[in-house]
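What follows is each chain in one-letter form.
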Amino acid sequence: MSPPPRTASRALTVVGPIVAVAIAVLAWSAVKWAFELKDFVLPSPLGVARAFLDDPAPFLRGALQSAGSALLGFAIAAAGGVVLGSAISLSRTVERSVYPLTLLFQMVPLVAIAPLLVLWFGYGRPAIVASAAIVAIFPVIASTVSGLAARDANLDELFRVLGAGRLATWWKLALPSAVPSIVTGLKIAAGLATIGTICGEFLAGAGGENAPLGVMITTALRNFQTERVFVSVLLAAGVGFAVFGSIALASRVLLVRWMR
Amino acid sequence: MLVRRMSDASAPAAIELREVSRRFGAVHAVDRVSLAFARGSFTALVGPSGCGKTTILRLAAAIDAPDEGACARAADAARSTGFIFQEPRLLAWRTVRENVALPLELAGVARAERLARADAALEMARLADAAERFPHQLSGGMKMRASLARALVTRPTELFLDEPFGALDEVTRHELDMELRALWERERFTAVLVTHSLPEAAFLAERMVVFSPRPARIVADIATPAGARDARFWTGEALGAAVRAGSEAMLRAIEEARR
């Protein structure tokens, strides 16, 4: 007897990824075995697991460091992006002069400005957070500007008829109307903040007891400890998922009033 | 004769348009119209689609300014206006109560007081049960009730209505018309209504002002039958006479415009 289709599709969402991971791990082992690759080129899945389980504490500390930097950078990008986006949409002058410049955040490669960040902030967290914020801010600005511009002209007229001032119209009409758009920008920013953090750590991270994942990757590479590189990369992906997931979850709570 | 040129204003005029004209680019929407609205009266502006009656309503409500002429209002410290649009225009992220409280919120009324007054307005619009709901959870008729409550929450001395129930089904429309009329009889605000529907105008208003096709000129100013407005009014003789007079005036104006 076959189970009802709904149960089957639900089971697939759990079993599917597990099977996919299992196949990937098998393929990984097969490639290593077939080409007789050395451990420092491609470690075995078991070797990677062992590298983590032998001494998980530094990896977990590093992941926490990176997650903290990513969240901090995201928070700065979120606040700064909404403020800048609002300033841009409130004033034509600011829109003409500043908005094109914000494209720089998008256009200039992070690796090109990271050395400057080290120069200004020194090695360590401030430069890393700055790099995360710089990478993450543009989608927040863009989604704020487009969300604020897309409001209903009829509601604009309602506020005019009710005698609302510019600031009240912005706070009670334009900004709430823009929330769904801003949230989309924030989700993109959450993913970018993690990327910006790891890149920032490559260039500005400090080693030692509390070395973040980006530093652990470069250190392990230098010492040909490829298993440790793999562990760090997988954890970096985990940090990315966690940061994105928490923002997505928070936005669902925030968006309850906007759901239709 | 039912048709007369101007209503004899026995009550003092709350709003008076004097020779107002309004153009939008090349379009001449209103051409030297003079019209006074007595305090506490209920006037309907009717006319063919696109004739400029909404423009006249907006000029009277002072949310638009005439190119020529003037709009004079009685000096009254307690004066306040409510405006009801064709669409409900509710904020999707606010509950019905918060939507109704919006005009008070923008006027700086404290939260507890404005919510209490919003509840009172919802009671008037018979929507108290839905206070906690969001706009998308309401039917078309309930959304218009919310819009009505929002316009009434400031206890306006003047209420402007721009084809408020045009998008509703016939039954809901009659129901809301009856309630609006009852509200007006109780509150006696100065009401100005734009509508396509001559029966609705005759039912709601004491006075029907009929306009020509664009640019809007007054072609008839008709007193509607006095007396009670209840469900029987819709099928009675009095309504028929008022509608006939309005239709005849409008048709004459349309034929004149064609010539």
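This one's a predicted model, so the numbers in the text were calculated from it and none came from an experiment. (Residues numbered from 1 in each chain as written. Chains lettered and ligands numbered in written order. Predicted model: local features only at pLDDT ≥ 70, side-chain atom pairs only at ≥ 80, totals over all residues. Heavy atoms only, no water.)

With reference to specific residues and values, describe the overall build of chain B.
The secondary structure content of chain B amounts to 7 helices and 10 strands. A compact globule built from 259 residues should have a C-alpha radius of gyration of about 18 Å, and chain B, at 18 Å, falls within 12% of that. Along the three orthogonal principal directions, the C-alpha set of chain B runs to about 55 × 40 × 35 Å. Expressed as a percentage of contacts within chain B between residues at least 6 apart in sequence, the contacts between residues at least 24 apart total 72%. Summed over all atoms, the accessible surface of chain B reaches about 11,300 Å², with 51% contributed by carbon and sulfur. (Helix = DSSP H or I, 4+ residues; strand = E, 2+ residues; numbered from the N terminus. Rg over C-alpha atoms; globule rule 2.2 N^0.38 Å. Contact = heavy atoms within 4.5 Å. Areas by Shrake-Rupley, 256 points an atom, 1.4 Å probe, with all protein chains shown as cover.)

Give a description of the packing of aromatic side chains that names residues and reports values.
Residue and element names in this part refer to chain A. One pass over the full model with this rule turns up 7 aromatic pairs over all chains. Consider the rings of Phe 52 and Phe 59, whose centres lie 6.0 Å apart with planes at 50°: the pair is tilted. A relative accessible area of 23% places Phe 52 in the partly exposed class. In this structure Phe 59 comes out as buried when scored by relative accessible area, which is 0%. (Phe/Tyr/Trp six-rings, centres within 6.5 Å; stacked < 30°, edge-to-face > 60°. Buried < 20%, exposed > 50% of the residue type's maximum accessible area, 1.4 Å probe, protein only.)

Tell me about the sheet that holds strand 5 (residues 68-73) of chain B, and name the residues and values.
Residues and elements named next belong to chain B. The sheet built from 3 strands is open, its strands ordered 3-2-5 with antiparallel pairing. The open sheet is flanked by strand 3 (27-38) and strand 5, the only strands paired with a single partner. Direction aside, neighbouring strands of the sheet carry axes that sit 15° apart on average. The pairing of strand 2 (residues 13-24) with strand 5 spans 5 bridges and is antiparallel. Bridge pairing links Ser 21 to Glu 68 in strand 5. Across the face of the sheet, helix 1 (residues 53-60) comes into contact with strand 2, strand 3 and strand 5 while running at roughly 130° to strand 2. (Pairing = 2+ DSSP bridges. Axes fitted to C-alpha atoms, helices over the stretch in contact; angles between N-to-C directions.)

Which residues make up unusual backbone geometry, and what values go with them?
Residue and element names in this part refer to chain B. Cis geometry marks the peptide bond from Arg 214 to Pro 215; its omega dihedral reads -5°. Tracing the chain through its elements places Pro 215 in the loop between strand 9 (207-211) and strand 10 (218-223). The backbone phi angle of Ala 62 is positive, close to 65°, even though this residue is not glycine. With respect to the secondary-structure elements, Ala 62 resides in the loop between helix 1 and strand 5.

With reference to specific residues and values, describe the packing of helix 2 (residues 45-54) of chain A against helix 10 (residues 226-254) of chain A.
Residue and element names in this part refer to chain A. It is the contact of helix 2 with helix 10, at a shortest axis distance of 8 Å, that shows an interaxial angle of 80°. Between helix 2 and helix 10, the angle is such that the two are roughly perpendicular. The residues of helix 10 that touch helix 2, namely those facing Gly 47, Val 48, Ala 51 and Phe 52, are Glu 227, Phe 230, Val 231 and Leu 235. (Parallel < 35°, antiparallel > 145°, perpendicular 65-115°, else oblique.)

Which residues make up the interface of chain A and chain B, and what values go with them?
The interface is formed by 17 residues belonging to chain A together with 20 residues belonging to chain B. Across the interface of chain A and chain B, roughly 1,700 Å² is buried in total on both sides, 66% from carbon and sulfur atoms. If you look at where chain A meets chain B, you find 3 salt bridges. Among the salt bridges present, the one from Glu157(A) reaches Arg89(B), with a minimum N-O distance of 2.6 Å. Taken together, the links from chain A to chain B amount to 4 residue pairs in polar contact (both at pLDDT 80 or more). Elements with a contribution of two residues or more to the side of chain A that touches chain B: helix 7 (153-161) and helix 8 (166-204) of chain A. (Buried area = accessible area lost by both parts, 1.4 Å probe. Salt bridge = Lys/Arg side-chain N within 4 Å of Asp/Glu carboxyl O. Polar contact = N/O pair within 3.5 Å; in protein donor to acceptor, adjacent residues only side chain to side chain.)

Let's hear about the layout of surface pockets: which residues, and what values?
Residues and elements named next belong to chain A. The calculated volume of the largest pocket comes to roughly 360 Å³. Forming the boundary of the largest pocket are 15 residues, of which Ser 89, Leu 90, Ser 91, Arg 151 and Arg 166 lie nearest the centre. Elements represented by at least two residues in the lining of the largest pocket include exactly helix 3 (56-90), helix 4 (92-107), helix 6 (125-149) and helix 8. The element that contributes the greatest number of residues to the lining of the largest pocket is helix 8, accounting for 4 residues. Residues of the lining of the largest pocket, tallied by class, amount to 8 nonpolar, 3 polar and 4 charged. (1 Å grid on protein atoms, 1.4 Å probe; cavity = no way out; pocket = protein on both sides within 12 Å on 5 of 7 lines; lining within 4 Å. Points joined across faces, edges and corners; volume = space filled by probe spheres on them. Nonpolar A, V, L, I, M, F, W, Y, C, P; charged D, E, K, R; others polar.)

Run through the pattern of salt bridges, naming residues and quoting values.
Residue and element names in this part refer to chain B. Inspection of the entire model under this criterion finds 23 salt bridges over all chains. Here Arg 22 and Asp 64 are joined by a salt bridge, their closest N and O atoms 3.0 Å apart. Taken together, the residues span a long stretch of sequence, with Arg 22 in strand 2 and Asp 64 in the loop between helix 1 and strand 5 at a distance of 42 residues. The same class applies to Arg 22 and to Asp 64, which are both buried. Across the pair Arg 94 and Glu 105 runs a salt bridge whose closest N-O atoms are separated by 2.9 Å.

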